[in-house]
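# A closer look at the structure
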Amino acid sequence: MIDLVKTYGLDAAWMAVKIGVIIGVVLFGVAYLTYAERKVLGAMQKRQGPMTVGPFGLLQPIADGLKLFSKETIIPAQAHRVVFLFAPIMLFTLALVAWAVIPFDLGMVLADINVGILYLFAISSMGVYGVIMAGWASNSRYAFLGGLRSASQMVSYEVSMGLVIVCVLLATGSLNLTEIVMTPRPWPVQVLLFPMFIVFLVSILAETNRSPFDLPEGESELSGGFMVEYSAMTFALFFLGEYANMILMSAMATILFLGGWLPPFGMESLSFVPGVVWFGLKTCLILFFFIWARGTFPRYRYDQLMRLGWKIFLPFTLIWVVVTAGCLMMFDALPG
Amino acid sequence: MIQVAAFYLFASVLTACALAVICARNPVHSVLFLIACFFSAAGLFVLLGAEFIALILVIVYVGAVAVLFLFVVMMLDISFQDLRRGAMQYVPLGLGIGLVLLVELFTLYRAWPERTPVITAESTAIENTEALGRIIYTDYLFAFQVSGLILFVAMIGAIVLTHRCRPDVRRQKVAEQNRRKPSDVLEIKKVSSGSGA
């Protein structure tokens, strides 16, 4: 036992510190993403957004958090208790676990595994369970309908997301996230991948149940969807999980398409700025797109959502995989 | 040491969940335990050094197949009393099949050649994703393509069997809507006062 502590003790402690830092940063990001969302939406609609708590309303997320902490957790009488409580915990945990493989800078990654992108994809595809379980365990019609909608929506868009990732992998030749960023991409490859970037952006909106694809929680028909029965901390976990997922998907888009921690447009003169800053800025850019889309587009109808996923994105990405592979083969640009 | 502990953790969770799949009274709980099973199996694959297979297992089975399972099971209108009433008559059949499987497993265990060399990612020095790709697309190309073709046929078969053409459903025809011009559907009429349009 003492040997075990000697061999792994220091590593484990150091690992725990790193995990703590990542979780802290993500939770801080989530808190201020909600603030940024309200401010940006406010600006788009000529309102001020949160203003009263702290200077410029900066303490608003903390006040919201405290409010949710102090409320009572209500479990409906007919609910399946264990599943009901497990669903938000699972959603939140999965949203945090995925950060283990995200490289914030060269070598600044918790676990540099060689199938990083598959791990991310696997974790994000499991996120749907939190929603389905919540919808089913609440024993309420609104929640159930929300859960069903979410299940089919996320499964549909995962297919095209997978094919988008395949396109990127063809151009980079590695499943490791650090290598995906570091593989040089000549401009023809970037042009080739650009349509996939657009498809990916739209797919992550659907995957995170964000507007204009926020049908699982569409207020107007489902009065809150799968989380209608949740209150206080269980609700807060859903909320945190969803926003953490948003940040995660933005980080994923940054790594796959925007060159991660490298300076934009390959400008060497800007490389004195630490990579983490570039990574953060690029992630924020995608997050702004999330909020921008919410402030701009009306909600899709469900059949339109399915039509977009299966009849437009799926054939298009499938053809594009063939096109990408063919072009890379023809110009002898396949990596490795 | 840690590996051994992890193996026993995953293996015991896997076995316990597998048992719970058949013992759970609620079919939805059964499916949830099945998902936990898949997940623990993926953990075991990681311990074997087969991280590609582990993650594909999670993506395909946990992320897609089991979601559809859960989807269907949740929507089934099952009366649990009816389900349990007739269950006892299948016990002899189930025990028989279980016995056959147990005997087969035992014979396999006895006949297993001793100490087969395990090929792991470390021993070959290339990533197992790459190793799998090389094997599948060279030596087993034909088998791989045929299995893909069989799955494709199965997919088409499932669609043909379940697809119903319902003429009463009103669908949005986007191309038609886009083709429509204001001049086709709008007409400006001068209405003089005192008379209808």
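What counts as what
- Residues numbered from 1 in each chain as written.
- Chains lettered and ligands numbered in written order.
- Predicted model: local features only at pLDDT ≥ 70, side-chain atom pairs only at ≥ 80, totals over all residues.
- Heavy atoms only, no water.
- Helix = DSSP H or I, 4+ residues; strand = E, 2+ residues; numbered from the N terminus.
- Buried < 20%, exposed > 50% of the residue type's maximum accessible area, 1.4 Å probe, protein only.
- Contact = heavy atoms within 4.5 Å.
- Areas by Shrake-Rupley, 256 points an atom, 1.4 Å probe, with all protein chains shown as cover.
- Phe/Tyr/Trp six-rings, centres within 6.5 Å; stacked < 30°, edge-to-face > 60°.
- Patch = residues over 30% accessible without salt bridge, like charges linked within 9 Å, V, L, I, M, F, W, Y side chains within 5 Å.
- Salt bridge = Lys/Arg side-chain N within 4 Å of Asp/Glu carboxyl O.
- Lys, Arg positive; Asp, Glu negative; His and termini not counted.
- Charge placed at Lys NZ, Arg CZ, Asp CG, Glu CD.
- Polar contact = N/O pair within 3.5 Å; in protein donor to acceptor, adjacent residues only side chain to side chain.
- Buried area = accessible area lost by both parts, 1.4 Å probe.
- Nonpolar A, V, L, I, M, F, W, Y, C, P; charged D, E, K, R; others polar.
- Domains from an automatic or database assignment.
- Arc of directions from axis to C-beta.
- Axes fitted to C-alpha atoms, helices over the stretch in contact; angles between N-to-C directions.
- Parallel < 35°, antiparallel > 145°, perpendicular 65-115°, else oblique.
- Left-handed = near helix turned anticlockwise from the far one by under 90°.

### A word on the overall build of chain B
- Helix and strand content of chain B: 10 helices and zero strands.
- Moving toward the C terminus, one meets the helices and strands of chain B in the order α-α-α-α-α-α-α-α-α-α.
- Residues classed as buried in chain B amount to 19% of the 197 residues present.
- Taking as baseline every contact in chain B between residues at least 6 positions apart, the subset at least 24 positions apart corresponds to 59%.
- A total of about 16000 Å² of accessible surface is found on chain B, and carbon and sulfur atoms cover 68% of it.

### Here we look at the packing of aromatic side chains
- Tallied over the entire structure, the rule returns 19 aromatic pairs over all chains.
- An angle of 70 degrees between the planes, with centres 5.2 Å apart, marks the rings of Tyr-137 of chain B and Phe-144 of chain B as edge-to-face.
- In this structure Phe-144 of chain B comes out as partly exposed when scored by relative accessible area, which is 33%.
- Each member of the aromatic cluster is reached from another via a ring pair, and the members are Tyr-157, Phe-213, Tyr-300 and Phe-313 of chain A.

### Structural notes on a positive patch on the surface
- On the surface, a cluster of positive charge is contributed by Arg-307 and Lys-311 of chain A together with Arg-164, Arg-166, Arg-171 and Lys-173 of chain B.
- Structurally, the position occupied by Arg-166 of chain B is in the loop between α8 (141-162) and α9 (174-179).

### Re the pattern of salt bridges
All names here are of chain A.
- Summed over all chains, the structure comprises six salt bridges over all chains.
- Residue Glu-37 is joined to Arg-294 by a salt bridge in which the shortest nitrogen-to-oxygen separation is 2.7 Å. With a gap of 257 residues between them, Glu-37 in helix α1 (residues 2-44) and Arg-294 in helix α10 (residues 275-296) connect regions that are remote in the sequence.
- The buried category is assigned to Glu-37, whose relative accessible area is 3%.
- Within the structure, one salt-bridge network assembled from shared partners comprises Glu-37, Arg-210 and Arg-294.

### Comments concerning the side chain of Glu-51 of chain B
- Tracing the chain through its elements places Glu-51 of chain B in helix α3 (residues 51-75).
- It turns out Glu-51 of chain B is buried and unbridged, and the closest side chain with the opposite charge, Arg-134 of chain B, is 14 Å from it.
- Among the polar contacts listed, one links the side chain of Glu-51 of chain B to the side chain of Asn-114 of chain A, at a separation of 3.2 Å.
- With residues up to four places along the chain from it excluded, the contact list for Glu-51 of chain B reads Asn-114 and Val-115 of chain A together with Asn-128 of chain B.

### Focus on the interface of chain B and chain A
- Between chain B and chain A, the contact holds 25 residues from the first and 28 residues from the second.
- Taking both sides of the interface into account, the surface hidden between chain B and chain A amounts to around 2400 Å²; carbon and sulfur atoms contribute 77%.
- The three residues of chain B that bury the most area against chain A are Leu-55, Ile-59 and Met-74 of chain B, which together make up 22% of that side's buried surface.
- Remark: the boundary between chain B and chain A carries zero salt bridges.
- For the pair chain B and chain A, the number of links is three residue pairs in polar contact (both at pLDDT 80 or more).
- Those elements that place two or more of their residues in the side of chain B that touches chain A are α2 (27-47) and α3 of chain B.
- The element contributing the most residues to the side of chain B that touches chain A is α3 of chain B, with 13 residues.
- Among the residues forming the side of chain B that touches chain A, the class breakdown is 18 nonpolar, five polar and two charged.

### Topic: the domain arrangement of chain B
- The domain boundaries assigned to chain B delineate domain 1 (1-78) and domain 2 (125-164).
- Relative placement of domain 1 of chain B and domain 2 of chain B: their C-alpha centres are 23 Å apart.

### Details of helix α2 (residues 60-70) of chain A
Residues and elements named next belong to chain A.
- If you check which residues of α2 are buried, you get Gln-60, Pro-61 and Leu-68. Looking straight down α2, one finds its buried side chains confined to an arc of 100 degrees; they lie on one side. Along α2, exposed side chains directed more than 90 degrees from the buried face belong to Leu-66, Phe-69 and Ser-70.

### Re unusual backbone geometry
Residue and element names in this part refer to chain A.
- In this structure, Lys-46 takes a positive phi of about 55 degrees despite not being glycine.
- Within the secondary structure, Lys-46 sits in the loop between α1 and α2.
- On the basis of relative accessibility, which here comes to 79%, the residue Lys-46 falls in the exposed class.
- Residue Asn-209 is not a glycine yet carries a positive backbone phi of 55 degrees.
- Structurally, Asn-209 is set in the loop between α7 (187-207) and α8 (219-222).

### Digging into the packing of helix α5 (residues 141-172) of chain A against helix α11 (residues 302-330) of chain A
Residue and element names in this part refer to chain A.
- At a minimum axis separation of 9 Å, α5 and α11 run at an interaxial angle of 15 degrees. Taken together, α5 and α11 sit at an angle that is classed as roughly parallel. The crossing of α5 and α11 is left-handed.
- Of the residues assigned to the contact of α5 with α11, the class counts are 20 nonpolar, seven polar and one charged.

### A short note on the environment of Arg-38 of chain A
- Turning to its location among the elements, Arg-38 of chain A is positioned in helix α1.
- Residues Arg-38 of chain A and Pro-50 of chain A, 12 residues apart in the sequence, show an inter-C-alpha distance of 7.0 Å.

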